[in-house]
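Each chain is listed here by its residues.
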Amino acid sequence: RMSDLGYTNSAQSGLNICYNQVDSYITSLRAAINQPSSAYQKYAGKKEGEYQQLNANVLQIENELYSPIRPKQPTKSLEKPSEALDKRGVSYIEVRALDVNPFSAIGIEENQFYFLDVFLLYCVTLPSAMMNAEQYHETEVNLSAVVDHGRDPQLMLSNEQQSIALSEWALQLFSDMQEVALVLDKANGTTHYSTALQLEKQKILDPSLTPSAKILHRLISQECDNGSLGLALAEDYKQQLLDSDYAFMNAEELAEHARLSIEKQRGIEQQDNVSFDDFLSSYFSVATSN
């Protein structure tokens, strides 16, 4: 997802989004959506009466910031993400550096939920100093290295300008996270969190347990390509879900929700009384003034 083939944009590398505080994040994000791009200038305006892009900036809208993680606040109608954050603060964190698990019908396994709880709580509670531009760049270089070469057992990363092996650093983090897992286990009367942590740790010790290794094994053993494997898994999961009973609603209730959604859509569209040109002009003038 975060490789050059995924949701990334090389033009965003120079935006210098600041994550130290909510205010600095909002300020740098708003500056980014008003930063012109010479590469996109040729797509500005209309061609044969149709918009090619909304504008010629590096970011056309704030949701185009393809970062690994984003602070979020649910938006109201026509409200921009930065406006929602500015008015009501951070409601949740959107973690974007995650891939769908191809070996689960729903894209994620239960133990992964527990592990993410441990990892994110660890991130929240770990003391963290303010980060400067050079340190932020180091994290970006590390991320690219892991995304592109994470399967290399000899991969080296940079931790505060000191070289360290990916496996060594990962094991250090897992050791630190053990305390968080134990606290969550005790608070919830379970061992799910410690168990999940150990299951993920095994992937560091034995890379053959990782999803990427499992995919490669299937491709080689079955002599197929990515597309064929993906379609085969999709068909299996489709049949599994079709064979399952409804858990919370029945077919009639879902059909009613669909009908109400379409009805609501029509009502909104019927209230439109502003041209798209005027809407864009108003939308981006507000973005500039904010």
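Just above, that's the structure.
Residues numbered from 1 in each chain as written. Predicted model: local features only at pLDDT ≥ 70, side-chain atom pairs only at ≥ 80, totals over all residues. Heavy atoms only, no water.

**Structural notes on the packing of aromatic side chains**
Applicable threshold: Centres within 6.5 Å are what make two rings of Phe, Tyr or Trp a pair, Trp counting through its six-membered ring; a difference in plane orientation under 30 degrees is then read as stacked, over 60 as edge-to-face, and the rest as tilted. The helix count covers DSSP runs of H or I at least four residues long, the strand count covers runs of E at least two residues long, and both are numbered beginning at the N terminus. Only protein chains enter the accessibility calculation, which uses a 1.4 Å probe. A residue is then buried if its area is under 20% of the maximum for its type, exposed if over 50%, and partly exposed in between. To sit over a ring, a charge needs its Lys NZ or Arg CZ within 6 Å of the ring centre and within 35 degrees of the ring normal.
Under the defined criterion, the tally for this structure stands at eight aromatic pairs. Between Tyr 51 and Phe 276, the ring centres sit 5.6 Å apart and the planes meet at 80 degrees, which makes this aromatic pair edge-to-face. Taken together, the positions of Tyr 51 in strand S2 (residues 50-51) and Phe 276 in helix H10 (residues 276-289) put the pair 225 residues apart, joining distant regions of the chain. Residue Phe 276 is classed as partly exposed on the basis of its relative accessible area, which comes to 45%. Aromatic pair Phe 276 and Phe 279: ring centres 6.3 Å apart, planes at 25 degrees, arrangement stacked. Here Phe 276 pairs with Phe 279, and both are found in helix H10, just three residues apart, close to one helical turn. Chaining the aromatic ring pairs together yields one cluster made of Tyr 51, Phe 276, Phe 279 and Tyr 283. Its end group placed over the ring of Tyr 283, Lys 80 keeps NZ or CZ at 4.1 Å from the ring centre.

**Overview of helix H9 (residues 251-270)**
This is how the line gets drawn: One fewer than the residue count of a helix, multiplied by 1.5 Å, yields its expected span. A 3.5 Å cut-off defines polar contacts: any pair of N or O atoms within that distance qualifies, except that in protein one atom must be a possible hydrogen donor and the other a possible acceptor, and neighbouring residues in sequence count only when both atoms are side-chain atoms.
In a regular helix each residue adds 1.5 Å, so 20 residues correspond to 28 Å; H9 covers 29 Å between its end C-alpha atoms and thus fits that length. The N-terminus of H9 is capped by Asn 250, whose side-chain oxygen sits 3.1 Å from the backbone nitrogen of Glu 252.

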